[in-house]
Amino acid sequence: MRWLWSNKWLLTATILVSCACTSPAQETSLPVDPHATAETIHLYRNLKKIAAKGFLFGHQDDLAYGVGWKYEPGRSDIKDVTDDYPALYGWELGRIELDHAVNIDSVPFDKMKAFIREGYQRGGVITISWHLNNPLTGGTAWQPAPGTVASILPGGEKNTLYQQWLDKVAAFLGDLKGKNGEAIPVILRLFHELNGNWFWWGGQHCTPDELKQLWHFTVSYLRDKKGLHNLLYAFNTDRFATREAWLEKYPGNEWTDIVGFDIYQREPDNTAFIKEFDHSIGILEKIATDSGKIPALTEFGYNGLPDSSWWTSTLGKVLTNHHLAYVMAWRNAGTGPAGQHEYYVPYPGQASAADFRKFYGYSQSLFQKDASKENLYSR
Ligand code: BMA
C-alpha cells in the first residue's frame, strides 16, 4: 500500500515536473494537413516559433547557379560572400507540367531534386513555386486569357488537364526523400502574387471566389487524392496597401499555413521603400497573429543591388523591427548590360558584399549554421 502510494506520488511529481517544462506556450497546432508527417509538423511549429528569434534567410536557385557560374558542386553566391549557406532554398517547377527535363529557368529537375536533398540534409528549409503555363491557351504563366481559372475548376473543360499537371507536380514532391526515407517537407507557394495582373491566375483575370475554389481544389487534390503529407501551403500576394486588399482572395485559415507577400525595390528612393515595406509587414504580422499563421516575406529584391549599403540601411532596418519567420531573395540569374542583369544577393566583389556580411552578422538574420542548430525538423 505504502509502495503504491509513493509510486503514485512519484507519478504525480513527474507529471508536475514535465508540465512545468512544457510551458503553456508549447506549440501544439496542426498545419492544413492534419496527417502531415512528423517532420512537416515539427517544421510548421518551429517556423511559428522562430520569428521570436529572427528570420531565416532564403535564396531562390541558390545551389544551382549564381553570377558567372552554373552547377559547381557546393557553390552558392551567398556562401562565397559569407562562408555560410542560406537557411531556406527556393525552387521552381514551371515546365514540369509539360514533361520537360529542365524548368523554366533551365534547371534540370533531376539536379533540382539533388539540391533539395542537399539543403534539407544540412537542416535548411525548402520552398517551391510554380509558374505553370496557361492551361486554357497553352501560353505562358504571363499570358492571361479570360476564363482560364474557371476552365480548370471541376466541371471546366480543362479540369482533367489540370489534374494531369498536378499529378506531375505530385510525383516530383512525393519523390523527395531524406536519408532515412522520410518525405522532405516542402513549403508549396501556389498562385503567388495573385493580386497583380501579370499571371493568368491574378488580378482581374478571375473572381475572388474562383481563385478560392481553385486553391481549395488544388490543396485537396494534393493532400487527399495524391496523399502527399509533406506539404505546408503558402499564400502570398505581391505588394499591397491595405489589410482588405491582402485578404481579398485569401482561401481561409483552414487552407493556408503561411501568409506572405512579395516586394521589390524598383526606385532609388530608399525612404519611400522603407515606408511601404514597413507598413506592409505590419499589416501582414497582424493578419498572421489574428489567424495563427506564419508570416513570411516570400520574395524580395533590389535588382542589381546598386546601393552598397542597402542590406543594413534599408532591408535590415525594417526586418529587425519585425518578426517574420523567413525572407527569400529572388534568383541570381546573372549580370549583363543595364536592364538585362538579374541578381538579388551579392557575389564576391559586388558593391553591396561588405554590407551583406554586416547584415549576416545580425543576431536576427538566420543562415544555415543557425538553422542547423535549430533542428527545425524535430521537436
Ligand atoms: C521571374 C524572373 C524570370 C524567371 C521567372 C520564373 O521573376 O526571374 O527570369 O524566369 O521569375 O522563375
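Structure shown above.
The text that follows walks through the structure, step by step, so that each part is easy to find.

## Points about the overall build of the protein
- A count of helices and strands for the protein gives 12 helices and 11 strands.
- Its C-alpha atoms give the protein a radius of gyration of 22 Å, near enough to 21 Å, the size a compact globule of 379 residues would have.
- The principal-axis extent of the C-alpha atoms belonging to the protein is close to 85 × 55 × 40 Å.
- Looking at the 379 residues of the protein, the share that counts as buried comes to 55%.
- Of the roughly 15800 Å² of accessible surface on the protein, a fraction of 54% belongs to carbon and sulfur atoms.

## Some words on the site of the ligand
- Around the ligand, the neighbouring residues are I104, D105, H131, W142, W330, R331 and E342.
- One nitrogen or oxygen atom from the side chain of D105 is found 2.5 Å from an oxygen atom belonging to the ligand.
- The separation between an oxygen atom of the ligand and a polar side-chain atom of W330 is 2.8 Å.
- Taking 310 Å² as the accessible area of the ligand by itself, protein coverage stands at 74%.
- Residues of the shell around the ligand, tallied by class, amount to three nonpolar, one polar and three charged.

## Some points on the pattern of salt bridges
- Across all of its chains, the model carries 17 salt bridges by this definition.
- In this structure, K226 engages D167 in a salt bridge whose closest nitrogen and oxygen atoms are separated by 3.2 Å. Of this pair, K226 sits in the loop between α7 (208-225) and β7 (231-237) while D167 sits in helix α6 (residues 159-174); the two residues are 59 residues apart in sequence, bridging distant segments of the chain.
- Accessibility expressed as a relative area gives 27% for D167, which makes it partly exposed.
- Note that D262 is salt-bridged to R189, the shortest N-O span being 3.3 Å. With D262 in strand β8 (residues 258-264) and R189 in strand β6 (residues 186-190), this residue pair connects regions lying 73 residues apart in the sequence. Considered together, D262 and R189 belong to a single accessibility category, that of buried residues.
- Among the charged side chains, a salt-bridge network with shared partners connects E72, R75 and D80.

## Overview of the side chain of D105
- Counting through the fold element by element, D105 comes out in the loop between β4 (88-92) and α4 (109-121).
- Dropping the residues within four chain positions of it, D105 is found in contact with D61, Y65, E92 and R331.

## A closer look at the packing of helix α9 (residues 270-291) against helix α10 (residues 310-319)
- Between α9 and α10, the shortest axis-to-axis distance is 9 Å and the interhelical angle comes to 25 degrees. Considered as vectors, α9 and α10 are oriented roughly parallel to each other. Handedness of the α9/α10 crossing: right-handed. Here N270, F273, I274, F277, D278 and I281 of α9 come into contact with α10, specifically with W310, S313, T314, L315, K317, V318 and L319.
- A class-by-class count of the residues in the contact of α9 with α10 yields eight nonpolar, three polar and two charged.

About the cut-offs
Residues numbered from 1 in each chain as written. Predicted model: local features only at pLDDT ≥ 70, side-chain atom pairs only at ≥ 80, totals over all residues. Heavy atoms only, no water. Helix = DSSP H or I, 4+ residues; strand = E, 2+ residues; numbered from the N terminus. Rg over C-alpha atoms; globule rule 2.2 N^0.38 Å. Buried < 20%, exposed > 50% of the residue type's maximum accessible area, 1.4 Å probe, protein only. Areas by Shrake-Rupley, 256 points an atom, 1.4 Å probe, with all protein chains shown as cover. Near = heavy atom within 4 Å. Polar contact = N/O pair within 3.5 Å; in protein donor to acceptor, adjacent residues only side chain to side chain. Nonpolar A, V, L, I, M, F, W, Y, C, P; charged D, E, K, R; others polar. Salt bridge = Lys/Arg side-chain N within 4 Å of Asp/Glu carboxyl O. Contact = heavy atoms within 4.5 Å. Axes fitted to C-alpha atoms, helices over the stretch in contact; angles between N-to-C directions. Parallel < 35°, antiparallel > 145°, perpendicular 65-115°, else oblique. Left-handed = near helix turned anticlockwise from the far one by under 90°.

Just distances and angles here, no functional claims.
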